Amino acid sequence: MGIFQRFARLPLKSTYIWSLCPQYSTDLTAVDRALIVRSSNPGAAPPRLPFSRVTREDLAFFRTLLPGRTITDPDLLKSSNVDWLKTVEGNSEVLLRPKTTEEVSQILRHCNERNLAVCPQGGNTGLVGGSVPVFDEIILSTSLMNQVITFDNISGILTCQAGCVLENLSNYLEERDFIMPLDLGAKGSCHIGGNVSTNAGGLRLLRYGSLRGTVLGLEVVLADGRILNCLATLRKDNTGYDLKQLFIGSEGTLGVITAVSILCPRKPKAVNVAFLGCSSFQQLLETFQCCRGMLGEILSAFEFFDASCMSLLEKHLKLTNPITESPFYIVIETAGSNATHDEEKLHKFLEEVMTSSLVTDGTVATEATKIKALWSLRERVTEALTHEGYTYKYDISLPVEKIYDLVQDMRGHLGDMAKNVVGYGHVGDGNLHLNITSPSKDPALLAAIEPYVYEWTSEWKGSISAEHGLGLKKRNYIYYSKPSEAVALMGSIKAMLDPKGILNPYKTLPDNIH
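Residues numbered from 1 in each chain as written. Predicted model: local features only at pLDDT ≥ 70, side-chain atom pairs only at ≥ 80, totals over all residues. Heavy atoms only, no water.

**Some remarks on the overall build of the protein**
Here comes step 1: Summing up its helical and strand segments, the protein has 17 helices and 18 strands in all.
Here comes step 2: Here the C-alpha radius of gyration of the protein, 23 Å, is about what a compact globule of 514 residues would show, namely 24 Å.
Here comes step 3: Viewed in the frame of its principal axes, the protein has a C-alpha envelope of about 70 × 55 × 45 Å.
Here comes step 4: Among the 514 residues that make up the protein, the fraction classed as buried is 57%. (Helix = DSSP H or I, 4+ residues; strand = E, 2+ residues; numbered from the N terminus. Rg over C-alpha atoms; globule rule 2.2 N^0.38 Å. Buried < 20%, exposed > 50% of the residue type's maximum accessible area, 1.4 Å probe, protein only.)

**Things to note about the packing of helix α9 (residues 281-295) against helix α11 (residues 339-355)**
Here comes step 1: Where α9 meets α11, the closest approach of the two axes is 10 Å, and the angle between their N-to-C directions is 150°. The angle between the axes of α9 and α11 places the two elements in the roughly antiparallel class. Here α9 runs over α11; the crossing is right-handed. Contacts between α9 and α11 involve T287, C290, C291, M294 and L295 from the former and K345, L346, K348, F349, E352 and V353 from the latter. (Axes fitted to C-alpha atoms, helices over the stretch in contact; angles between N-to-C directions. Parallel < 35°, antiparallel > 145°, perpendicular 65-115°, else oblique. Left-handed = near helix turned anticlockwise from the far one by under 90°. Contact = heavy atoms within 4.5 Å.)

**Notes on the sheet that holds strand β5 (residues 118-121)**
Here comes step 1: If you walk across this open sheet you meet the four strands as β2-β4-β6-β5, and the pairing is mixed. Edge strands, defined here as strands with exactly one partner in the open sheet, are β2 (70-71) and β5.
Here comes step 2: One ladder, built from two bridges, connects β2 with strand β4 (residues 95-96); its direction is antiparallel. Of the residues in β4, the one forming a bridge with I71 is L95. (Pairing = 2+ DSSP bridges.)

**Brief notes about the packing of helix α1 (residues 56-65) against helix α3 (residues 101-114)**
Here comes step 1: At their nearest, the axes of α1 and α3 sit 11 Å apart, and the two run at 170° to each other. As summarised for this structure, α1 and α3 are arranged roughly antiparallel, according to the angle between their axes. Residue-level inspection shows D58, F61, F62 and L65 of α1 in contact with α3, the latter providing E103, Q106, I107, H110, C111 and R114.
Here comes step 2: Of the residues belonging to the contact of α1 with α3, the class tally is five nonpolar, two polar and three charged. (Nonpolar A, V, L, I, M, F, W, Y, C, P; charged D, E, K, R; others polar.)

**As for the domain arrangement of the protein**
Here comes step 1: Taken domain by domain, the protein comprises domain 1 (1-142 + 484-514), domain 2 (148-263), domain 3 (270-381) and domain 4 (388-459).
Here comes step 2: Inter-centroid distance (C-alpha atoms) of domain 2 to domain 4 is 31 Å. (Domains from an automatic or database assignment.)

**Some points on the pattern of salt bridges**
Here comes step 1: Using the criterion set out here, one finds 20 salt bridges in the structure.
Here comes step 2: Here K419 and E388 are joined by a salt bridge, their closest N and O atoms 3.9 Å apart. With a gap of 31 residues between them, K419 in the loop between α14 (403-414) and β17 (420-426) and E388 in the loop between α13 (381-385) and β16 (390-397) connect regions that are remote in the sequence.
Here comes step 3: Residue classification places K419 among the partly exposed positions, given a relative accessible area of 42%.
Here comes step 4: The class of E388 is buried, set by a relative accessible area of 3%.
Here comes step 5: D498 is paired through a salt bridge with K494; the nearest N and O atoms lie 2.7 Å apart. (Salt bridge = Lys/Arg side-chain N within 4 Å of Asp/Glu carboxyl O.)

**Quick look at the packing of aromatic side chains**
Here comes step 1: The tally for this structure, following the rule as stated, stands at 19 aromatic pairs.
Here comes step 2: Taken together, the ring pairs in this structure connect F281, F304, F328 and Y404 into an aromatic cluster.
Here comes step 3: Positioned above the aromatic ring of W460, the side-chain terminus of K402 is 3.8 Å from the ring centre. (Phe/Tyr/Trp six-rings, centres within 6.5 Å; stacked < 30°, edge-to-face > 60°. Lys NZ or Arg CZ within 6 Å of the ring centre and 35° of its normal.)

**Observations regarding helix α10 (residues 307-317)**
Here comes step 1: Restricting attention to buried positions, one finds in α10 the residues C309, M310, L312, L313 and L317. The arc that holds the buried residues of α10, viewed along the axis, is 160°, so those residues lie on one side.
Here comes step 2: Those residues of α10 that are buried lie in contact with β12 (270-278), β13 (299-306), β14 (328-336), α12 (368-379), α13 and β17.
Here comes step 3: At the exit of α10 stands K318, carrying a positive phi of roughly 60°. (Arc of directions from axis to C-beta.)

**Topic: unusual backbone geometry**
For residues that are not glycine, phi is negative in most cases, and the peptide bond is trans in most cases.
Here comes step 1: In this structure, the amide linkage connecting E450 to the following residue, P451, adopts the cis form with an omega of 10°.
Here comes step 2: The topology assignment puts P451 in the loop between α15 (443-449) and α16 (452-459).
Here comes step 3: Phi angles above zero are rare outside glycine, and N115 is one such case at about 60°.
Here comes step 4: As for its position among the elements, N115 is in the loop between α3 and β5.
Here comes step 5: Judged by relative accessible area, which is 21%, N115 ranks as partly exposed.
Here comes step 6: With a phi angle near 55°, K461 is a residue other than glycine that sits in the positive phi range.
Here comes step 7: By secondary structure assignment, the location of K461 is in the loop between α16 and α17 (484-497).

**What to know about the state of the cysteines**
Here comes step 1: For the coordinates displayed, the defined rule picks out zero disulfides.
Here comes step 2: C164 provides the cysteine sulfur closest to C160, a residue in no disulfide bond, and the two sulfurs are 4.2 Å apart.
Here comes step 3: Cysteine C264 is unpaired, with the sulfur of C160 as its nearest cysteine sulfur at 8.3 Å.
Here comes step 4: Judged by relative accessible area, which is 3%, C264 ranks as buried. (Disulfide = S-S within 2.5 Å.)

Encoded structure:
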């Protein structure tokens, strides 16, 4: 068990902080123009559609409905108008903060009658411009809809409002010996409603599956104000269409999610995290294959990042590599009910991969603070990238054996045009986060990246968005992942549920659908 003793030199750094990146520059735009970094390419915004503009009468209605919660102060609106990456900025003049589903219903009924466009917004941690207005859409924030409605400690089913912060739900459940099936780096600020609206994947998908499986029911307000109550708490219900699936991953374009019921697993009694180094991506894949075979039911996460990511962590965040320098790094988490059993299985696995030279070095943590320190090396890569200048971010799903080929091919394709090309992500579900940095925004570099990255992904039958969604930035590239017949059907569903198109009108669906 010697490998379990290598904890002394593991650094304990501060937790991940989601902060806005000053390196990204934006300009305030007029109401009729959206600020999009890719203003002359397929990812840019279309012209403003003929929606009405907010009048004094509209404001009077909102202020009567939401006293003290109708925000028109430009300074207070600023943070809600810009995305986390500060690459997209709208010019909304009104932020609404309802507390109840009925208030959301009245807001949407009024907006639908008045032909006012609406941008639903949760924690605003998205990376594809899906959660901020493009022009002057009214921002409908769920931030005050943050109450737990019920929790069944027998079935583990949690029902809560959509504005509950993911980390707050995790803390609530842990006090009751349960956990959320979803874990994200943005958990301190993202909302569960936004997570469901984007079908967020996260670090635990390998163990607990996607939100399409763990979400049991939804309450949704449709564009005309009708409340669709599908807030079921049954694990089995085979009566007709599973309507909630329409709204999971629809990014607020079909309705506003106001409440969620979700199946939560019991809190594992024993958690181990192994941090390992590999000499090649092929050895990393073989380690993954061995890991699934030997750890089986206790395996909860298998993450990777490359040496370039580690260099950025060391350079910008002053984190220390706890093992020998390697081309690739793996974070493996096990979660089970018997510490002795799990440690024995993990030890046999580590002995196997190190004896066979699949892994060059490694360390293991079982204590909470050291587990957190190891996880921070993976979770804080995004933060480290913000210090590199301007970052072009891509969230790709590929056959697992092709994941890192895209990183290497992109490096060759871009050459000296890019400052850094790095790769990290979720090996367990074939999800690569490809990040390309430059000192500042560079149209020539962007033109070299897109559509090359999407063509490459399409050639290997991958998805151009594994978990971030399409939002504004990727909507016109949807045809690289979906056939035209499917996109047309999506447009028909949008037209049926939102005939006037007031909900997130510039997001998800390509221009030729509008």
